[in-house]
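# Structural description and commentary
Single-letter residue listing:
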Amino acid sequence: MDLKAGYRNSPADRLALATMMICFLATGALLITTLARMPHAQVQDAKIPSTVTTK
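Note that this is a predicted model, so its numbers are computed, not measured.

## A few points about the overall build of the protein chain
- Within the protein chain, the secondary structure is distributed over three helices and zero strands.
- Along its sequence from the N terminus, the protein chain presents helices and strands in the succession α-α-α.
- Buried positions account for 2% of the 55 residues belonging to the protein chain.
- Total accessible area on the protein chain stands at roughly 5700 Å², and carbon and sulfur atoms take up 69% of it.

## Points about a nonpolar patch on the surface
- A surface patch of nonpolar side chains, about 330 Å² in accessible area, is lined by Leu17, Met20 and Met21.
- With a relative accessible area of 54%, Met20 lands in the exposed category.

## Here's the deal with the confidence of the model for the protein chain
- Taken over all residues, the pLDDT of the protein chain has a mean of 78, while the share at 70 or more is 64%.
- Averaged over each element, pLDDT in the protein chain is lowest for helix α3 (residues 40-44) (60) and highest for helix α2 (residues 11-36) (92).

Rules used in this analysis
- Residues numbered from 1 in each chain as written.
- Predicted model: local features only at pLDDT ≥ 70, side-chain atom pairs only at ≥ 80, totals over all residues.
- Heavy atoms only, no water.
- Helix = DSSP H or I, 4+ residues; strand = E, 2+ residues; numbered from the N terminus.
- Buried < 20%, exposed > 50% of the residue type's maximum accessible area, 1.4 Å probe, protein only.
- Areas by Shrake-Rupley, 256 points an atom, 1.4 Å probe, with all protein chains shown as cover.
- Patch = residues over 30% accessible without salt bridge, like charges linked within 9 Å, V, L, I, M, F, W, Y side chains within 5 Å.
- Salt bridge = Lys/Arg side-chain N within 4 Å of Asp/Glu carboxyl O.
- pLDDT = per-residue confidence, 0-100.

Okay, structure coming up:
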């Protein structure tokens with residue numbers, strides 16, 4: 001019998017995987033929420049240099 005196969009399905013491994021998934025989803029939601037709620041004035045007032053050359 002392969003001992004590693006038995007350890008992979010242990011309750012501790014399943015709990016660790018579930019915890020990692022919850023943390024990943026929570027941080028992703030926090031990042032998206034932060035970006036979505038950013039004040040638009042910062043974006044509108046941004047000075048972007050023009051790369052177009054005029055003759």
